[in-house]
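Tertiary structure, described
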Amino acid sequence: MRSGNASYETTMNQISTAASSYALVDGNSFYCSCERIFRPDLQGRPIVVLSNNDGCIVARSREAKQLNIPMAAPYYSLRGLLRHHHVAVFSSNYALYGDISRRMMQVIGEFASEQQIYSIDECFLRLPSRQDARSHGLAIRRAVYQRVGIPTSVGIAPSKTLAKLANHIAKQQREFRGVFDWGSLDPNSATAWLQQTPLNAIWGIGRRLSEQLTRHGIQNARQLRDTDPNSLRRQFGVMIERVARELNGESSLDFEQTTPDKQQIISSRSFAHPTDNYNALAASLAYHSARAAEKLRAQHCVATMIGVSLRTNPNRLAEPQYRNYHCQALAQPDADTLILTGAALAALAQIYLPGYAYQKTGVILLGISPSERVQYDLFTPPPDPRRAKLMHTIDRLNQRHGQGTVRVATEALSQDWRMRQDHCSPCYTTRWDQLPSVG
DNA sequence: TCTGGGGTCCTAGGACCC
DNA sequence: TCTGGGGTCCTAGGACCC
């Protein structure tokens with residue numbers, strides 16, 4: 001809507017200067033870029049990073065995308081293609097990516113008073129609406145590249161959903177040099193961009209909702225934006241209503257600066273080789289219980305339940321399939337590795353059946369709350385304070401000397417379940433013995 | 001013929017995201 | 001031989017309470 005009315009324009013300017021806008025900053029092909037920091041010889045060469053267990057492809061460099069290597073494809077099925085194009089292949093190295101992420105987020109955070117870290121490779125900033133949004137975005141990119149070595153893209157817009165879209169445009173259209181400011185578009189151009197945007201390219205709309213909306217005659221972002229939000233709410237629920245408002249430039253999603261405590265903590269992994277060995281399953285669950293308990297203690301919380309799951313390989317349809325899950329309540333809220341491991345093993349005993357080729361196990365911690373808020377049962381003795389100290393000491397030792405320095409004996413029962421990791425790069429920044437050397 | 005209404009908590013399942 | 005792991009939010013339905 002446009003108007004030549006002077007007082008209307010003044011009002012709108014006041015609103016827009018008072019309003020804030022959002023920037024979404026993310027690392028391009030983040031895992032690949034992390035690997036490239038310490039391997040300048042890989043500049044310009046296609047790179048892929050594999051999921052845990054070297055199962056499938058989870059990150060592709062720009063060069064790899066140009067080779068039409070699909071996301072999430074199983075690695076084994078593309079091995080020939082990757083070799084043929086001399087693609088550099090890496091197992092995922094989360095110690096490295098996590099550390100690079102921390103450094104990147106810190107640099108980006110210097111560019112705004114409010115930052116929401118959304119995932120390992122992206123964050124939102126809240127910025128005052130400004131004329132020079134684009135140059136601000138370019139400054140962020142420059143700083144992150146200089147100080148951390150990661151190339152980024154920046155999308156700026158009046159809502160988070162539009163910032164996501166702007167970021168996507170910044171990545172696709174090279175002429176924008178990695179920064180796209182939605183606010184600089186005139187209304188017709190904005191509408192044209194939305195018209196070109198398919199539903200499943202919108203943040204929060206996946207395959208299922210796309211199909212549902214399409215059946216009701218809504219086929220692109222422009223049509224969704226222009227549908228009455230109240231009728232959307234009735235037909236499709238509040239999620240879609242919010243998306244439509246956001247596409248309209250009406251900020252409708254929370255901006256959370258502090259990372260809230262996790263409500264559930266999962267540790268699970270598939271095995272390099274399937275096994276029906278009870279000790280191997282027990283060892284894997286001891287490992288997962290310890291990892292989950294570490295995360296729980298890191299956020300100063302306790303859990304009331306631990307769930308254990310196991311399954312055979314669902315892709316092997318010819319083999320007998322079995323999957324099960326059992327949730328075990330703890331005597332009282334706890335974060336003690338030994339207690340959690342004991343409960344996990346008790347749960348395993350409930351659901352284990354011999355004779356199946358198990359391929360994956362996992363634990364999940366539930367009923368999580370801050371440890372200082374726990375009310376202990378009148379009839380159960382309070383936990384021994386020395387145990388908390390012991391856990392603290394174990395955490396410090398494992399942090400300083402590497403994961404697994406101190407562990408529960410059950411973990412060592414069997415190595416049968418270990419994952420495959422044939423292409424792992426060194427932990428350049430987090431292990432003294434793996435620092436890069438020069439010369 | 002007629003059998004309250006409103007609230008909370010929990011769980012399971014669906015959908016989505018990176 | 002070989003197909004990831006870790007999360008969130010929403011909704012509906014049941015149990016329970018007053």
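Everything numeric here is computed off the predicted structure, so don't read it as measured data. (Residues numbered from 1 in each chain as written. Chains lettered and ligands numbered in written order. Predicted model: local features only at pLDDT ≥ 70, side-chain atom pairs only at ≥ 80, totals over all residues. Heavy atoms only, no water.)

The number of helices and strands found in chain A is 15 helices and 13 strands. The principal-axis extent of the C-alpha atoms belonging to chain A is close to 75 × 60 × 50 Å. In chain A, 69% of the contacts between residues at least 6 apart in sequence involve partners at least 24 apart. Counting 50 positive and 37 negative side-chain charges, chain A places the averaged centre of each group 4 Å from the other. (Helix = DSSP H or I, 4+ residues; strand = E, 2+ residues; numbered from the N terminus. Contact = heavy atoms within 4.5 Å. Lys, Arg positive; Asp, Glu negative; His and termini not counted. Charge placed at Lys NZ, Arg CZ, Asp CG, Glu CD.)

Along any regular strand the residues' side chains alternate between the sheet's two faces. Of all 9 residues in strand S12 (residues 358-366), 8 are buried; the element is thus mostly enclosed. Pairing geometry for strand S9 (residues 265-275) and S12, over 7 bridges, is antiparallel. The partner of Thr275 across the bridge, within S12, is Tyr358. In this structure, strand S10 (residues 301-312) lies alongside S12, joined through 8 bridges in antiparallel fashion. Bridging from a neighbouring strand, Leu310 pairs with Thr361 of S12. (Buried < 20%, exposed > 50% of the residue type's maximum accessible area, 1.4 Å probe, protein only. Pairing = 2+ DSSP bridges.)

The next subject is the protein's contact with DNA strand C. Taken together, 26 residues sit near DNA strand C, with Arg242, Ile266, Ser268, Ser270 and Arg316 positioned nearest. Within the side chain of Tyr76, one N or O atom sits 3.4 Å away from a base oxygen of DNA strand C. In the model, a phosphate oxygen of DNA strand C is placed 3.5 Å from a nitrogen or oxygen of the Asn313 side chain. Sorting the residues of the surface near DNA strand C by element identifies helix H12 (238-247), S9 and S12 as the ones contributing at least two each. Considering every element that reaches the surface near DNA strand C, the biggest residue donor is S9, with 6 residues. Looking at side-chain class alone, the surface near DNA strand C contains 8 nonpolar, 11 polar and 7 charged residues. (Near = heavy atom within 4 Å. Polar contact = N/O pair within 3.5 Å; in protein donor to acceptor, adjacent residues only side chain to side chain. Nonpolar A, V, L, I, M, F, W, Y, C, P; charged D, E, K, R; others polar.)

This part takes up unusual backbone geometry. A positive phi angle is found at Asp54, which is not glycine, with a value near 50°. Its place among the elements puts Asp54 in the loop between strand S2 (47-50) and strand S3 (57-60). The buried category is assigned to Asp54, whose relative accessible area is 6%. The backbone of His300 sits at a positive phi, close to 55°, despite the residue not being glycine. Inspection of the secondary structure assignment puts His300 in the loop between helix H13 (278-298) and S10. On the basis of relative accessible area, His300 is assigned to the exposed category, the value being 56%.

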